[in-house]
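A look at the structure
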Amino acid sequence: MARVVRLLKSEITELDQQDPATAGDGGFQSLLVSLQERVDRITGELSLSDNDLERIQRYAYDYKQGGWQDRLERIFCRELGPTLGR
């Protein structure tokens, strides 16, 4: 079941910090690029699949702390809550 979130301009700007040219084939960077491609730049609406939500939560909490965890929190905390929907 998809969940629609509405990102603020500042959250979209944070999402856009990932350069698509350096995303590679998998992992955190490709998730961000996929979300960049799907966010409505006018309304801020972004439909998140169950798989998207699982990946956001996993990258935020299941690996060693790094910049990506903080970035995911800055993008999604307001909409998904402090545990990003977990």
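Presented here is a report on the structure given in the accompanying data block.

1. Some details on the side chain of Gln57
When you line up the elements, Gln57 lands in helix H3 (residues 50–61). Its relative accessible area of 14% is what places Gln57 among the buried residues. Each residue touching Gln57, except ones within four places of it in the same chain, is listed here: Asp62, Leu84, Gly85 and Arg86.

2. Here we look at the environment of Thr22
By secondary structure assignment, the location of Thr22 is in the loop between helix H1 (9–15) and helix H2 (27–38). Relative accessible area serves as the criterion here: at 53%, Thr22 is assigned to the exposed category. When the C-alpha atoms of Thr22 and Asp62 are compared, they prove to be 23 Å apart, with 40 residues separating the residues in sequence.

3. Topic: the packing of H2 against H3
Running from N to C, H2 and H3 cross one another at 135°; their axes reach a closest spacing of 11 Å. It follows that H2 is oblique to H3 by the angle criterion. Seen from above, H2 lies across H3 with left-handed handedness. Taking contact as the criterion, the partners of Gly27, Phe28, Ser30, Leu31, Leu35 and Arg38 in H2 are, on H3, Asp52, Arg55, Ile56 and Tyr59. Here the residues of the contact of H2 with H3 are counted per class, giving five nonpolar, two polar and three charged.

4. Overview of the packing of aromatic side chains
In the structure shown here, the tally under the stated rule is one aromatic pair. Centroid distance Phe28 to Tyr59: 6.1 Å. Interplanar angle 75°. Geometry classified as edge-to-face. Here the residue Phe28 occupies a position in helix H2, and Tyr59 occupies one in helix H3, the gap between them amounting to 31 residues. Like Tyr59, Phe28 is buried. Over the ring of Tyr59 we find Arg58, and its NZ or CZ is 5.1 Å from the ring centre.

Scoring rules and cut-offs
- Residues numbered from 1 in each chain as written.
- Predicted model: local features only at pLDDT ≥ 70, side-chain atom pairs only at ≥ 80, totals over all residues.
- Heavy atoms only, no water.
- Helix = DSSP H or I, 4+ residues; strand = E, 2+ residues; numbered from the N terminus.
- Buried < 20%, exposed > 50% of the residue type's maximum accessible area, 1.4 Å probe, protein only.
- Contact = heavy atoms within 4.5 Å.
- Axes fitted to C-alpha atoms, helices over the stretch in contact; angles between N-to-C directions.
- Parallel < 35°, antiparallel > 145°, perpendicular 65-115°, else oblique.
- Left-handed = near helix turned anticlockwise from the far one by under 90°.
- Nonpolar A, V, L, I, M, F, W, Y, C, P; charged D, E, K, R; others polar.
- Phe/Tyr/Trp six-rings, centres within 6.5 Å; stacked < 30°, edge-to-face > 60°.
- Lys NZ or Arg CZ within 6 Å of the ring centre and 35° of its normal.

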